Amino acid sequence: MTLIDTRFLRTLDEQQLVNGSIEMFKHGLIADKAYWNDMINAGKNYYNDIFDHLIFQSAVIKNDVVVNDPTEKGARKALNYGHTAGHAIESFCLTQPDQPDVLHGEAVAAGILVESFLSTRYTGLSQLEYDSIKNWYKGLGFTFSFTDRDIQDMIQLMAHDKKNVNGEIRFVLLSSIGDFVTDQKVENEDIVLAFNELATV
């Protein structure tokens, strides 16, 4: 049984609330475009019945994915969307004294933008839908900027991820909002371009 008491949200500051909501946005991106739009429309109104229902829907989406693929051989990999790049950003920032502290959700949000950019190049995500994701990310107010050396270090971090195959970085990418493609290999030069996109937002 999973119990969710949303009254506890009132004990958190806005940074933590935004941080926690990132996974909910991710669920919309991989599984349900209508849910993504509902999350966008909800904004930062965390203390009402609408957001309570969005939390419930998020749990349902994740539960459905896990139940249908308990051993993570197929569709469950979609839950890693944004996390391949996001985990690298999180690990890199936590080990570099000149980088700001970063919460998990903040790093995953940046990873979502990186992997959405790659999706426009590899799996047919439209420019219109990419712009929707980019505008959402811009509204979060995060600031990530990395040097070419930083990006190469993060590519190395991604290369050692346990989810890779034969040392090749594999991404979950979007074909459209609500639809995903797993096990996508991309060129390193495109990863660099995707990370550089963060600095332009």
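A short tour of the structure in this document, coming up. Remember, it's a predicted structure, so these values are computed and weren't measured experimentally.

**Let's talk about the overall build of the chain**
So, step 1. In terms of helices and strands, the chain carries eight helices and two strands.
So, step 2. Counting helices and strands in the order they occur from the N terminus, the chain gives α-α-α-α-α-α-α-β-β-α.
So, step 3. For 201 residues, the compact-globule estimate of 2.2 N^0.38 gives 17 Å, and the chain sits close to it at 16 Å.
So, step 4. Reported as C-alpha extents along the three principal axes, the dimensions of the chain are approximately 45 × 40 × 35 Å.
So, step 5. Burial status across the chain gives 45% buried among its 201 residues.
So, step 6. Long-range contacts, defined as pairs at least 24 residues apart, comprise 71% of the intrachain contacts of the chain with a sequence gap of at least 6.
So, step 7. As presented, the chain carries roughly 10400 Å² of accessible surface, and 50% of it is formed by carbon and sulfur atoms.

**What to know about the pairing of strand β2 (residues 179–185)**
So, step 1. Examined bridge by bridge, strand β1 (residues 170–176) and β2 share five bridges and lie antiparallel to one another. Across the sheet, the residue bridging to Arg170 is Lys185, located in β2.
So, step 2. Taking the residues that link successive antiparallel strands as the turn, the β1-β2 hairpin has two residues, and the phi of Gly178 there is positive, at about 105°.

**Topic: the pattern of salt bridges**
So, step 1. Counted under the stated rule, the structure contains nine salt bridges.
So, step 2. Measuring nitrogen to oxygen at the nearest pair gives 2.9 Å for the salt bridge that ties Lys33 to Glu129. One end of the pair, Lys33, is in helix α2 (residues 33–42); the other, Glu129, is in helix α6 (residues 127–140), with 96 residues separating them in the sequence.
So, step 3. We classify Lys33 as partly exposed; its relative accessible area is 39%.

**Considering helix α8 (residues 188–198)**
So, step 1. Within α8 the residues assigned to the buried category are Asp190, Ile191, Val192, Ala194, Phe195, Glu197 and Leu198.
So, step 2. On its buried face, α8 sits against α4 (83–95), α5 (104–122), α6, α7 (148–159) and β1.

**Here's the deal with the packing of helix α1 (residues 14–31) against α5**
So, step 1. For the pair α1 and α5, the least separation of the axes is 8 Å and the interaxial angle reads 40°. Viewed along their axes, α1 and α5 adopt a mutual orientation that is oblique. Note on packing geometry: the crossing formed by α1 with α5 is left-handed. Within the contact between the two elements, α1 uses Gln15, Asn19, Ile22, Glu23, Lys26 and Leu29 and α5 uses His104, Gly105, Glu106, Val108, Ala109 and Ile112.
So, step 2. Each residue belonging to the contact of α1 with α5 can be placed in one class, and the counts come to five nonpolar, four polar and three charged.

**Observations regarding the side chain of Asp190**
So, step 1. Here Asp190 lies in helix α8.
So, step 2. With sequence-adjacent residues up to four places away left out, Asp190 is seen in contact with Phe117, Leu118, Arg121 and Tyr122.

**Section: the layout of surface pockets**
Take a probe with the size of a water molecule and roll it over the atoms, and the empty space left behind shows itself.
So, step 1. Empty space within the largest pocket amounts to approximately 400 Å³.
So, step 2. Along the wall of the largest pocket there are 20 residues; nearest its centre are Gly20, Ser21, Glu23, Met24 and Ile55.
So, step 3. Sorting elements by how many residues they give to the lining of the largest pocket places α1 first, with eight residues.

**Re the packing of α1 against helix α3 (residues 49–68)**
So, step 1. One can describe the packing of α1 onto α3 by two numbers: an axis separation of 10 Å at closest approach and a directional angle of 55°. Taken together, the axis directions place α1 and α3 in an arrangement best described as oblique. Once α1 is placed against α3, the crossing between them reads as left-handed. Between α1, through Met24, His27 and Ala31, and α3, the contact on the second element is made entirely by Phe51, Leu54, Ile55, Ser58, Ile61 and Lys62.

What counts, and where the lines are drawn
Residues numbered from 1 in each chain as written. Predicted model: local features only at pLDDT ≥ 70, side-chain atom pairs only at ≥ 80, totals over all residues. Heavy atoms only, no water. Helix = DSSP H or I, 4+ residues; strand = E, 2+ residues; numbered from the N terminus. Rg over C-alpha atoms; globule rule 2.2 N^0.38 Å. Buried < 20%, exposed > 50% of the residue type's maximum accessible area, 1.4 Å probe, protein only. Contact = heavy atoms within 4.5 Å. Areas by Shrake-Rupley, 256 points an atom, 1.4 Å probe, with all protein chains shown as cover. Pairing = 2+ DSSP bridges. Salt bridge = Lys/Arg side-chain N within 4 Å of Asp/Glu carboxyl O. Axes fitted to C-alpha atoms, helices over the stretch in contact; angles between N-to-C directions. Parallel < 35°, antiparallel > 145°, perpendicular 65-115°, else oblique. Left-handed = near helix turned anticlockwise from the far one by under 90°. Nonpolar A, V, L, I, M, F, W, Y, C, P; charged D, E, K, R; others polar. 1 Å grid on protein atoms, 1.4 Å probe; cavity = no way out; pocket = protein on both sides within 12 Å on 5 of 7 lines; lining within 4 Å. Points joined across faces, edges and corners; volume = space filled by probe spheres on them.

Honestly, it's all geometry; don't read function into it.
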